[in-house]
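# A look at the structure
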Amino acid sequence: GGATVKGVDMTFDELEKMLGRYMFRKVRKAWSEKERGPGVNAKNEMVVSGLQLGNVFITVQPLLGVEGDPMRLLFERDLTPHPQYCAAYEWMRLPEENGGAGSQAVIHLGMHGTVEWLPGQPLGNDRQSWSDEMMGSLPNVYIYAANNPSESILAKRRGYGTLISYNVPPYGRAGLYLELASLRDLVNEYRSGEAEGGRSDLREAILGSCERTGITSDIELPMHDDGDAAYWSDEEFDAWVATVSDYLVELEARLFSSGLHTLGAAPTDEELSSYLNAYFNDRLSGEEVEEVVSEWHRQKDKERKEKETPSFVSWLRDFTANFMGRNEDSSSSADDGGNDSAKDEAMQIVDLLGKNVEEIDSVINVLNGGYVKPAPGGDLLRDGTSVLPTGRNIHALDPYRMPSAGGRGGGESGP
């Protein structure tokens, strides 16, 4: 019942039958006998291999170009995909009775693949575009990062992809480490001593640490012919150190994607808190973020129980509460100083992030020939909650955000 290794060695005569004479001649012209590209064995045959798991064939997309020059294919208009690249896609589309894989659909997993970048018409394929030749009429389910809508449009336009967006990993703060952390302590010690008459003894230590960490490449030193920090005025050095301090604060607070995203997996409490802390920054404290996550779990548990054990008593209790104009879930909440709107928004975000499980559902749905809901692509921090939930067929332009205020103003003012 496990996976088995499956492979096929394809001759150039077999490849010609699949590609047709015209396209095959272009391949032979672009790739000489001495330069066949990757994936060719000692017998001069193209090797296509992968894992067969039930009726699913799993393989790695062929390399785009040649060793030492992987981007060559993107910039030479007369170049074609190398023979093994062509063989892999043609074999996947070939019916089983003719010796192929007989694929009914292909899933490209992750951003981004290469089939949409192959030579051909840039704005839309024609019959001689290699993206069209490789994909043909094979349905392309493209699992794509939600935060890159611009390049995803190429996957639609040239790769014929139905996009299924997946969420970006949770955010983390970069922090400071090793030498940078020591430099921060030196700077803080120097600046705290300014009010006590200065700490000129720390100048050389700060400057040396900045040079070792490369800070001096980002923050220009005060210009003096001798370049000696001892000859800088107190005001010059103090101002420079203040700039270094601000830069370190910026580095420490910089956001990055932490870890990997598991397709279709609901985020953990720690991941939910990470998303909310990055989104709200100082608008919500850590304790308030934890309260929001806990409240979301309570509401989900209540919904689950009511769904599992519906009762007339439960319905009557809710009806009575609504009729009397009160809500049991909110009546006990105290005034939190005007932070209710931020908490409500946080609850909405958590609820949307909890729908990550729909990513896998959408993949299964589209393989069944179903409809995948559209949504604008983008990043939660940059573009807001409209990019959630994921598992959607993303598009690059959000009609509800166009035109921008600047664009409207420019249009109204005229040329």
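Structure shown above.
First, a word on scope: everything that follows refers to the structure included in this document. In this text, all values refer to a predicted model and were calculated from it rather than measured experimentally.

Of the regular secondary structure elements, the protein chain holds 18 helices and 10 strands. Counting the 415 residues in the protein chain, one finds 40% classified as buried. Residue pairs at least 24 apart in sequence account for 71% of intrachain contacts in the protein chain once pairs closer than 6 positions are excluded. As presented, the protein chain carries roughly 23,900 Å² of accessible surface, and 51% of it is formed by carbon and sulfur atoms.

To continue, consider a nonpolar patch on the surface. On the surface, Val 5, Leu 51, Leu 53, Val 56 and Ile 58 cluster together into a nonpolar patch covering about 440 Å² of accessible area. Mapped onto the nonpolar patch, the elements with two or more residues apiece are β2 (46-53) and β3 (56-58). With respect to the helices, strands and loops of the structure, Val 56 is situated in strand β3.

Reading across from one edge, β1-β2-β3 is the order of the three strands in this open sheet, with antiparallel pairing throughout. Two strands lie at the open edges of the sheet, namely β1 (4-10) and β3, each paired on one side alone. Going from strand to strand, the sheet's axes swing by 35° on average, the running direction of each strand aside. Here β1 runs beside β2; their pairing, made up of seven bridges, is antiparallel. When the sheet's bridge partners are listed, Gly 7 is paired in β2 with Ser 49. Sheet contacts for helix α1 (residues 12-19): β1 and β2; angle to β1, the most-contacted strand, approximately 90°. Strand contacts of helix α4 (residues 83-93): β1, β2 and β3, with the helix running at about 40° to β2, the strand carrying the most contacts.

Right, let's get into the packing of aromatic side chains. For the coordinates displayed, the defined rule picks out seven aromatic pairs. Centroid distance Tyr 142 to Tyr 144: 5.2 Å. Interplanar angle 70°. Geometry classified as edge-to-face. Taken individually, Tyr 142 and Tyr 144 each receive the classification buried, so the pair is uniform in this respect. Pairing Phe 237 with Trp 240 gives two aromatic rings, centres 5.8 Å apart and planes at 40°, and the pair type is tilted. With Phe 237 and Trp 240 both in helix α10 (residues 234-253) and three residues apart, the pair spans about one turn of that helix. Look at Phe 237 and you get buried, because its relative accessible area is 0%. The structure contains a cluster of three or more aromatic residues connected by ring pairs, namely Tyr 190, Phe 237 and Trp 240. Across the ring face of Phe 12, the terminal group of Arg 28 is positioned such that the distance to the ring centre comes to 5.3 Å. The aromatic ring of Phe 12 is capped on one face by Arg 36, whose charged end is 4.2 Å from the ring centroid.

Between helix α7 (residues 178-192) and α10, whose axes approach to 10 Å, the crossing angle comes to 140°. The pairing of α7 with α10 is recorded here as oblique in orientation. α7 and α10 meet at a crossing whose hand is left-handed. Contacts from Leu 180, Leu 183, Arg 184, Val 187, Tyr 190 and Arg 191 in α7 reach Phe 237, Asp 238, Val 241, Ala 242, Val 244, Ser 245, Leu 248 and Glu 252 in α10.

The next thing to look at is the sheet that holds strand β5 (residues 140-145). Taken together, the three strands give an open sheet; going across it, the order is β4-β5-β6, and neighbouring strands pair in parallel fashion. A strand with exactly one partner marks an edge of an open sheet, and here the two such strands are β4 (106-109) and β6 (161-166). Averaged over neighbouring strand pairs, the angle between their axes works out to 25° when direction is ignored. Relative to β6, β5 runs parallel, the two being bridged by six bridges. Within β6, the position partnered with Tyr 142 by the bridge is Leu 163. Where helix α6 (residues 149-157) meets the sheet, it contacts β5 and β6, and its direction lies at approximately 150° from that of β6.

This paragraph deals with α1. Listed as buried for α1 are Phe 12, Leu 15, Met 18 and Leu 19. Looking straight down α1, one finds that the buried residues subtend no more than 115° of arc, so they occupy a single side. Exposed residues lying more than 90 degrees from the buried face of α1 are Asp 13 and Lys 17. Here the buried face of α1 lies against β1, α2 (21-30), β2, α4 and α5 (130-135). Backbone geometry just downstream of α1 places Gly 20 in the positive-phi region, at approximately 90°.

Core analysis: the largest hydrophobic core is formed by 31 residues, its most contacted members being Leu 15, Leu 19, Trp 130 and Met 134. Secondary-structure elements contributing two or more residues to this core are α1, α2, β2, α4 and α5. When residues in this core are grouped by element, the largest group, seven residues, is from α4. Not counting residues up to four positions away in its chain, the partners in contact with Leu 15 are Met 10, Phe 24, Met 46, Pro 83, Cys 86, Ala 87 and Glu 90. Judged by nonpolar contacts, the second largest core, of 23 residues, contains Val 292, Trp 296, Leu 353 and Leu 380.

On to the pattern of salt bridges. Enumeration according to the criterion identifies 15 salt bridges in this entry. In this structure, Glu 179 and Arg 212 form a salt bridge, with 3.0 Å as the shortest nitrogen-oxygen distance. Here Glu 179, found in helix α7, pairs with Arg 212, found in helix α8 (residues 203-213); they are 33 residues apart in sequence, far enough to count as distant. When its relative accessible area of 29% is taken as the criterion, Glu 179 is described as partly exposed. We note a salt bridge from Glu 345 to Arg 283, for which the minimum N-O separation is 3.4 Å. Of this pair, Glu 345 sits in helix α15 (residues 340-353) while Arg 283 sits in the loop between α11 (269-280) and α12 (286-308), and the two are 62 residues apart along the sequence. Judged by relative accessible area, Glu 345 falls into the partly exposed class, the value being 21%. Among the residues examined, Arg 283 registers a relative accessible area of 45% and is labelled partly exposed.

Rules of the game
Every residue gets a number counted from 1 within its own chain, in the order that chain's sequence is written. In keeping with the predicted nature of the model, local features appear solely for residues at pLDDT of at least 70, side-chain atom pairs appear and are counted solely at 80 or more, and the whole-chain, interface and lining totals rest on all residues. Values shown for side chains rest on all heavy atoms present in the structure; no hydrogens or waters enter the calculation. Starting at the N terminus, helices and strands are each numbered in turn, a helix being any DSSP run of H or I of at least four residues and a strand any DSSP run of E of at least two. When accessible area is computed with a 1.4 Å probe and restricted to protein chains, residues below 20% of their type maximum are described as buried, those above 50% as exposed, and intermediate ones as partly exposed. Whether two residues touch is decided by their heavy atoms; if any such pair falls within 4.5 Å, the residues are in contact. With residues, only the protein chains shown are counted as cover, and all accessible areas are computed by Shrake-Rupley using a 1.4 Å probe. Patches draw on residues past 30% relative accessible area with no salt bridge. Two like charges within 9 Å are joined, as are two nonpolar side chains (Val, Leu, Ile, Met, Phe, Trp, Tyr) within 5 Å. Only one rule defines a salt bridge in this text: a Lys or Arg side-chain nitrogen within 4 Å of an Asp or Glu carboxyl oxygen. Strands are labelled as partners when DSSP assigns at least two bridges between them. Each axis is a line fitted through C-alpha atoms, and for a helix only the stretch in contact is used; angles between axes span 0 to 180 degrees, taken between their N-to-C directions. Stacked, edge-to-face and tilted are the three classes for Phe, Tyr and Trp ring pairs, Trp counted by its six-membered ring, which pair at centre distances within 6.5 Å; planes under 30 degrees apart are stacked, over 60 edge-to-face, the rest tilted. Whether a charge sits over a ring comes down to the Lys NZ or Arg CZ being within 6 Å of the ring centre and within 35 degrees of the ring normal. Oblique is the label for any angle not covered by the other classes, which are roughly parallel (under 35 degrees), roughly antiparallel (over 145) and roughly perpendicular (65 to 115). Handedness of a helix crossing follows the sense of rotation of the near helix relative to the far helix, less than a right angle counterclockwise being left-handed and clockwise being right-handed. Arc definition: directions from the helix axis to the C-beta atoms. We call a set of buried Ala, Val, Leu, Ile, Met, Phe, Trp, Tyr and Cys residues a nonpolar core when their side-chain atoms join them within 4.5 Å.

Geometric descriptors of this kind do not, in isolation, establish any biological role.
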